[in-house]
Amino acid sequence: MSTPDTVAHSPAVSVVVCVYTEDRWEDILAAVSSVGAQSYPALEILLVVDHNPALRDRLAREYKETPRVRVLANTGPRGLSAGRNTGIAAARGEVIAFLDDDAVAERDWLRHFAEGYADPRVMAVGGRTVPVWASGRRPAWFPEEFDWVVGCAYKGLPRGRARVRNVLGGNASFRRTAFDAAGGFATGIGRDGDRRPLGCEETELCIRLSRARPDAVLLLDDRAVIHHRVPAARERFGYFRTRTYAEGLSKALVARSVGADKGLESERRYTTRVLPAGVARGLRDALLGRPGGARRAGAIVAGVLTAAGGYVVGSVRARRGAMTFSVGRIEPGEPERTRAGADA
């Protein structure tokens, strides 16, 4: 672990990495290594294993001699939200940061997060997630406006450091008191391993936080960079279509929870300004003979229509009670865990 340089405010930061499959073993090791190499060191790294005892035991053996790494079992229902809530409950830091298990953080990632908390009003700081395509480069048809499909920052987000409605969960941090005020991540909205490509749990939490703490400031700092691996299967249009439909389903649940005014506030600007500009660029590129222009324009239109279809279906299901979620409760104290350095 590195030693910290001086920053204006030096909150202790716990980093939570939620994991679920041994198929990502090398990715998990790389994620942990990137946190261990931070210029602003983490207080601890919490690996929360989602109902996979074999993976939990293997990680406990791997990090047996690494004091700052703790391996925990998800004590809630299966899925990313409950895993994050388990990490929050166990964390000792004033700030809790979240990193995807298939991403690596740049050296100053935590430093930029920590700097944001010099203002006591700041309750969350998010960063910029850059895609690392399995094929070595962005597919020609894949529009940058839809990089959220693969869990990355997308064209249309503000640059620099800016106030936002919500941070993006795979590269984000929260002050611990944010969870005291608003509760944890809602289960039933977010991902369940590879079973459901849903999302929006961080959106719902951030809106709930802003209602509980109207003075809260949520920031996006695009200097806090992580690099997120995009497997080949997610470079295909079939996944693009499935993920945009799932986003519509998730947005319907968020709107039902917090109201369509807040639940779709940022999305209105995105669909009325950012996406039409993207279509225009794609058509212009097509006219200029640049590769993929027409396909990018078509993908944007298809993505909007598919997400809208998911939203309609999700709204109907939510009204009928077929889609439900519950706000995670953060219980004080640590859940059952396997400590690195203890017997599994």
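So, here's what we can say about the structure. Residue positions are counted from 1 within each chain, in the order its sequence is given. In keeping with the predicted nature of the model, local features appear solely for residues at pLDDT of at least 70, side-chain atom pairs appear and are counted solely at 80 or more, and the whole-chain, interface and lining totals rest on all residues. Note that the side-chain values use all heavy atoms of the structure and ignore hydrogens as well as water.

**Some details on the overall build of the chain**
And step 1. Elements are defined by DSSP. Helices are runs of H or I of four residues or more, strands are runs of E of two residues or more, and each kind is numbered from the N terminus. Counting secondary structure elements, the chain contains 10 helices and 12 strands.
And step 2. Each residue gets one of three labels from its accessible area relative to the maximum for its type: buried under 20%, exposed over 50%, partly exposed in between, using a 1.4 Å probe on protein chains only. For the chain, with 344 residues in total, the buried portion stands at 56%.
And step 3. Between two residues, a contact is recorded if the distance between any of their heavy atoms is within 4.5 Å. Residue pairs at least 24 apart in sequence account for 81% of intrachain contacts in the chain once pairs closer than 6 positions are excluded.
And step 4. A 1.4 Å probe and the Shrake-Rupley method give the accessible areas. Residues count as covered only by the protein chains that appear here. Of the roughly 14700 Å² of accessible surface on the chain, a fraction of 51% belongs to carbon and sulfur atoms.

**Notes on the pattern of salt bridges**
And step 1. Any carboxyl oxygen of Asp or Glu that lies within 4 Å of a side-chain nitrogen of Lys or Arg is treated as forming a salt bridge with it. All chains considered together, the criterion is met by 24 salt bridges.
And step 2. Residue Arg159 pairs with Asp222 through a salt bridge whose shortest N-O separation is 2.8 Å. Taken together, the positions of Arg159 in the loop between strand 6 (122–133) and strand 7 (161–163) and Asp222 in strand 10 (residues 217–230) put the pair 63 residues apart, joining distant regions of the chain.
And step 3. By relative accessible area, Arg159 is classed as exposed at 61%.
And step 4. Connected through shared salt-bridge partners, Glu115, Arg161, Asp221 and Arg223 make up one network.

**Quick look at the environment of Gly303**
And step 1. Examined against the element boundaries, Gly303 turns out to sit in helix 10 (residues 293–320).
And step 2. Since its relative accessible area comes to 1%, Gly303 is described here as buried.
And step 3. Between the alpha carbons of Gly303 and Thr242 there is a distance of 9.5 Å; along the sequence they are 61 residues apart.
And step 4. Apart from residues no more than four positions distant in its own chain, Gly303 is found in contact with Phe146, Phe240 and Thr244.

**Regarding helix 2 (residues 53–62)**
And step 1. Turning to helix 2, its buried residues are Leu55, Leu59 and Ala60. Take helix 2 and look down its axis: the buried residues cluster within an arc of 135°, on one side only. Directions are taken from the helix axis to each C-beta atom, and the arc is the one they span.

Interpretation note: all reported values are geometric properties and have no functional meaning in isolation.
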